[in-house]
Amino acid sequence: MKKWKTLFITVCMAFLLGFGGIVSHAATHVPALEAAKQEGSDITVKNYGDPENSDYSFRLKRTEQTTCTWTDASGVNGKKPYHQKGASIERWGQMVTSDAQKGKISCYLTNMGNYKGKSTNLKITFTDWPDYRTQSGERYYPVVGVVLSLTTDLYGLTFSDIWYEAKLEIFDDQGNPLKVDMTYRAEDLDYGQILGISKNDSLSGMNIPEDSRVYYKEEDGFHYFYADNIDSQEYEKDSVQIQYEDTSVFTLRVGGGVALPGTCTYEKYVTKQLQEAYSKFEIYMEGERTVEEVNEGGVTLGWIAGSAKGYGKFITPTPQKNVSKTDIHGSEPYEYQVNFKIPECQPADYYEYIVMTDTLPEAVTCDTVTVFDADNEKEVTSSFDIQTEKGVQDKVEVRAKDTSSGWIYGKTLEVRITVHKRPDYIFGNSNEINNTAFLKTDLGEKESKPVTNRFYFQIQTEVKNGTITSSDQKAEAGSTKKIQYAPEEGFELESISVDGNTIDPSKFPSEYSFTKLNADHQIKVIYNRNPVLTITKEVKGAYEPYGVPTFLFRISGEDIDGGKRTFYRMISFDDPFGEEEIRRKSVTVNVPAGTWTVCEIEVARYRFTGIKEVEHGTVKGEEAELQTLDHNDAKATFCNELSNYRNLSHNDVTVNRFGKEVGE
């Protein structure tokens, strides 16, 4: 605002001095800070310099394409419009010479910013503030207009000392009403300046700085803020910020006088000196209907009531980080998604730079980085410089190439980082990793909330003729996973293979453990049916007085894995039978695949007569050598007959019975 004030020349000074000493109403002033403390007050106190609420980020402002069309539909002759450019400002306006012009004077400004992709237009209709009249109904006609800066993000309404009402309507580039959420700010209220805000408008909030010295009054359906700081005209904190919500029209009352209506009379307010000042101003417009290049601001007698500049730039948005999946199988790729919305704002508030950074966990490495316009699902990677620094921890940096490009503002951007687990990375006590992303602008840095991933591997299990731990279970990366297995009844462990490699089954008879898991694995366990040896005893003749005939067999040999084993089996004939009668009885034994020698331990009174009915084996003297290498069954029949039954029992052989058979 200081730049504007330095443009006022003597005419403006006369305007200000014309009020000096006329009105004093300090006793009736209510500080706005005090009003804000009242219960139910609409006024909010802010720290000076705090950023504006980004939900109300739109601001009307001059652009390079801004034009202004001034109209007066009153029919009054001798209209006195003006359009002038100075060194740094441009002004459009008109002197008001008749009540017939009330509500008929307006200007239409095109290309006053951009809202959600639509060029914004502004219509301002100037209407007399009806309370301002002399006691006899007379009035002094002011100058009204608009002023825009050519060098800063600033626009305003210009008035003379008389209070005026301005209706502002916002349209889109098709001329339709455009509802916006916007911020309007009255910058640096000075002595006698007044801002009125209609209560009927869609107000979301009114804010003043914490050490503001402005005063407040509520009257005739308006909130009024004004100043009484003639000794401190450069006190910038005497400001007011208004937020409008979902509105296309609002009304301001702006005054250049030293008092509110009703606090003084018109006759005292308008002095001869001020009237002379208007006469001088009128000279500037004689014969001028087009642009006039001037270096002084004599045509600007009013107060600049609005500013496209807010309390400060928008804060850095907080990024949100997501992940395409939380449970990661081994080295399968997955995607980090970093979302952030760039506030919708005007060029004066554009960021100097926008940089997203993500230092990835050690466990993963970066594959690709792409950027999307998430609102339109459109890839915009080409608008960003992307750097990936490979190392112990990969570092990703995504930087907007041109932050002065308007398309980026108001957009939700999504950075997609595809990664996968490093093959050589081994997890320790936990299979989880956490990661955050940062968004940095010239206004600071914000960090996302962390996302968590868990890594697992799968062990493919397979078993034949038995049971084994299921393959469906997820094995945490870095952990130890125990695989247990067992045979079906009648089967024995034959082989184990891990990842296609055969291991010694005797070292892992019932379980196998994978430690520090860092890959998928396969384990296959095969059980084969235990072969059955059937030994049959055929006996001819019995001698009942001497007891039950009993026979003992020894089965010894070597299994397929080289293990030596011995089994014993016994056959007894409990039922009595005659001397010439032939009896048969069998016994079975489950043995591993191998070669087995079966022999009968010699007993008294029965003589060995031979071996017959041999299957899968051969007879070697008084022994049968049976083969079960192919897991087949084998059998043999041992024959005896009664030979001598004097002085001996049939079962002189002592039989030792064991709780567990030898070799089993």
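A quick note: this is a predicted structure, and the numbers were derived from the prediction, not measured. Residue indices follow the written sequence of each chain, beginning from 1 at its first position. Under the rules for a predicted model, residues below a pLDDT of 70 receive no local features and side-chain atom pairs below 80 are neither given nor counted, while totals for whole chains, interfaces and linings still include all residues. The basis for every side-chain value is the complete set of heavy atoms in the structure, and neither hydrogens nor water enter the calculation.

## Describing the overall build of the protein chain
So the rule is basically this: Starting at the N terminus, helices and strands are each numbered in turn, a helix being any DSSP run of H or I of at least four residues and a strand any DSSP run of E of at least two. Only protein chains enter the area calculation, which uses a 1.4 Å probe; residues under 20% of their type maximum are buried, those over 50% are exposed, and those in between are partly exposed. Contacts are assigned to residue pairs with any non-hydrogen atoms lying within 4.5 Å of each other. Only the protein chains shown count as covering a residue, and every accessible area follows the Shrake-Rupley method with a 1.4 Å probe.
Secondary structure assignment for the protein chain yields five helices and 48 strands. Relative to its full complement of 664 residues, the protein chain shows a buried share of 49%. Contacts in the protein chain between residues far apart in sequence, at least 24 positions, make up 75% of those at least 6 positions apart. Accessible area for the protein chain stands at about 30700 Å²; split by element, carbon and sulfur atoms hold 45% of it.

## Notes on the environment of glutamine 174
Structurally, the position occupied by glutamine 174 is in the loop between strand E11 (164–171) and strand E12 (180–186). Along the primary structure glutamine 174 and asparagine 121 are separated by 53 residues, whereas in three dimensions their C-alpha atoms are 9.2 Å apart.

## Things to note about the side chain of threonine 125
Its location among the elements puts threonine 125 in strand E8 (residues 121–128). The exposure class assigned to threonine 125 is buried, which follows from its relative accessible area of 12%. Setting aside chain neighbours within four positions, we find threonine 125 in contact with Gly103, Ile105, Ser106, Glu165, Ala166, Lys167 and Glu169.

## A word on the sheet that holds strand E17 (residues 240–247)
Worth spelling out the cut-off: Strand pairing is assigned whenever DSSP detects at least two bridges linking the two strands. Note on geometry: axes are lines fitted to C-alpha atoms, helical ones only across the stretch in contact, with angles between N-to-C directions running from 0 to 180 degrees.
Ordered in space as E1-E14-E17-E12, the four strands form an open sheet in which the pairing is mixed. This sheet does not close on itself; its edge strands, each paired only once, are strand E1 (43–46) and E12. Across the sheet, the mean angle from the axis of one strand to that of its neighbour is 25°, orientation sign disregarded.

## Digging into the sheet that holds strand E22 (residues 334–341)
Within the open sheet, the five strands sit side by side as E20-E22-E28-E24-E25. Their pairing is antiparallel. The strands lining the two open edges of the sheet, one partner per strand, are strand E20 (320–323) and strand E25 (378–379). Sheet topology note: the strand E24 (residues 364–373)/strand E28 (residues 412–421) ladder contains nine bridges and is antiparallel. Bridge assignment links threonine 365 to a residue of E28, and that residue is histidine 420.

## Looking at the packing of aromatic side chains
This is how the line gets drawn: Side-chain rings of Phe, Tyr and Trp (the six-membered ring for Trp) are treated as a pair once their centres are within 6.5 Å; stacked means planes under 30 degrees apart, edge-to-face means over 60, and tilted covers the remaining angles. Throughout this description, the term charge over a ring refers to an Arg CZ or Lys NZ atom that lies within 6 Å of the ring centre and within 35 degrees of the ring normal.
Tallied over the entire structure, the rule returns 19 aromatic pairs. Ring centres of tyrosine 350 and tyrosine 409 lie 3.9 Å apart, and the angle between their planes is 5°; on these two criteria the pair is classed as stacked. Of this pair, tyrosine 350 sits in the loop between E22 and strand E23 (354–359) while tyrosine 409 sits in the loop between strand E27 (395–400) and E28; the two residues are 59 residues apart in sequence, bridging distant segments of the chain. There is no split in this pair, since tyrosine 350 and tyrosine 409 are both buried. Ring centres of phenylalanine 508 and tyrosine 512 lie 5.0 Å apart, and the angle between their planes is 65°; this geometry places the pair in the edge-to-face category. A relative accessible area of 17% places tyrosine 512 in the buried class. Members of the aromatic cluster, connected to one another through ring pairs, are Tyr334, Tyr336, Tyr425, Phe427 and Phe455. Positioned above the aromatic ring of tyrosine 336 is the side chain of lysine 321, whose terminal nitrogen or guanidinium carbon lies 4.0 Å from the ring centre. For the cation-ring pair, arginine 416 lies above phenylalanine 372, with the distance from its terminal atom to the ring centre recorded as 3.7 Å.

## Section: the pattern of salt bridges
This is how it is decided: Should a side-chain nitrogen of Lys or Arg be within 4 Å of a carboxyl oxygen of Asp or Glu, the pair is scored as a salt bridge.
Summed over the entire model, instances satisfying the criterion amount to 27 salt bridges. For the salt bridge of glutamate 414 with arginine 416, the shortest nitrogen-to-oxygen distance reads 2.6 Å. On the basis of relative accessible area, glutamate 414 is assigned to the buried category, the value being 11%. One salt bridge in this structure joins arginine 584 and glutamate 613, with 2.7 Å as the shortest N-O distance. A residue pair is termed long-range when its members are at least 10 positions apart, and arginine 584 in strand E43 (residues 582–590) and glutamate 613 in strand E45 (residues 606–615) qualify at 29 residues.

## So, the state of the cysteines
Rules: Two cysteine sulfurs form what is called a disulfide whenever their separation falls within 2.5 Å.
Counting across every chain of the model gives zero disulfides. The thiol of cysteine 107 is not disulfide-bonded; the next cysteine sulfur, from cysteine 68, is found 4.5 Å away.

## Some details on the pairing of strand E44 (residues 594–600)
Burial analysis of E44 places five of its seven residues in the buried class, which makes it a mostly covered element. Taken together, the five bridges between E44 and strand E47 (residues 623–627) define a ladder with antiparallel strand orientation. In the strand pairing of E47, threonine 597 is matched with glutamate 625.

## Concerning the environment of leucine 443
When you line up the elements, leucine 443 lands in the loop between strand E30 (438–441) and strand E31 (444–447). Look at leucine 443 and you get partly exposed, because its relative accessible area is 35%.

## Here's the deal with unusual backbone geometry
In the Ramachandran plot, lysine 516 falls in the positive-phi region, its phi being about 45° despite a non-glycine side chain. By the element assignment, lysine 516 lies in the loop between strand E38 (511–514) and strand E39 (521–529). Its identity is not glycine, yet histidine 616 carries a phi of approximately 55°, on the positive side. Summarising the element assignment, histidine 616 is placed in the loop between E45 and strand E46 (617–620).

## Looking at the nonpolar core
Note the threshold: What makes a nonpolar core is a set of buried Ala, Val, Leu, Ile, Met, Phe, Trp, Tyr and Cys residues whose side-chain atoms join them at distances within 4.5 Å.
By size, the foremost hydrophobic cluster in this structure holds 50 residues, and its most contacted members are Tyr334, Tyr336, Phe340, Met356, Val415, Ile417 and Ile523. Sequence-distant contacts of phenylalanine 340, that is, excluding residues within four places in its chain, are made with Pro319, Ile354, Met356, Lys411, Thr412, Leu413, Val415 and Leu439. Membership of the second largest hydrophobic core comes to 47 residues, among which are Ile43, Trp92, Leu168 and Tyr216.

## Description of the environment of proline 319
Mapped onto the elements of the fold, proline 319 is located in the loop between strand E19 (291–293) and E20. Note on proline 319: relative accessible area 2%, which makes it buried. When the C-alpha positions of proline 319 and serine 448 are compared, they lie 5.0 Å apart, and in sequence the two are 129 residues distant. Each residue touching proline 319, except ones within four places of it in the same chain, is listed here: Val338, Asn339, Phe340, Ala437, Phe438, Leu439, Lys446, Glu447 and Ser448.

## Notes on the side chain of threonine 628
Test applied: In protein, a polar contact means a hydrogen-donor-capable atom and an acceptor-capable atom, both N or O and within 3.5 Å, with residues adjacent in sequence counting only if both atoms are side-chain atoms; elsewhere, any N or O pair within 3.5 Å suffices.
For threonine 628, the location among the structural elements is in the loop between E47 and strand E48 (634–642). A polar contact of 3.2 Å, which involves the side chain of threonine 628, links it to the backbone oxygen of proline 592. Within the structure, the side chain of threonine 628 is placed 3.1 Å from the side chain of tryptophan 596, a separation counted as a polar contact. Excluding anything up to four places from it in sequence, threonine 628 contacts Pro531, Leu533, Val591, Pro592, Ala593, Gly594, Trp596 and Ala634.

## Re the pairing of strand E14 (residues 203–209)
Burial runs high along E14: five of the seven residues are buried. Bridge analysis of E1 against E14 gives four bridges, and the strand direction is parallel. Residue threonine 44 lies in a different strand from E14, and its bridge partner there is asparagine 207. Sheet topology note: the E14/E17 ladder contains four bridges and is antiparallel. Note on E17: the bridge partner recorded for glycine 205 is glutamine 243.

## Regarding the confidence of the model for the protein chain
To keep things clear, this is the line we draw: In predicted models, pLDDT denotes the confidence assigned by the predictor to each residue on a 0 to 100 scale.
Confidence in the prediction for the protein chain averages 79 pLDDT; 76% of positions are at 70 or higher. Of all helices and strands in the protein chain, the one with the weakest mean pLDDT is helix H2 (residues 10–17) (24), whereas E27 scores best (98). Low pLDDT, under 50, characterises residues 1–27; the stretch is placed with 61 contacts to residues that sit more than four places away or in other chains. For the stretch residues 263–269, pLDDT sits under 50, and the model shows 21 contacts to residues farther than four places along the chain or on other chains.

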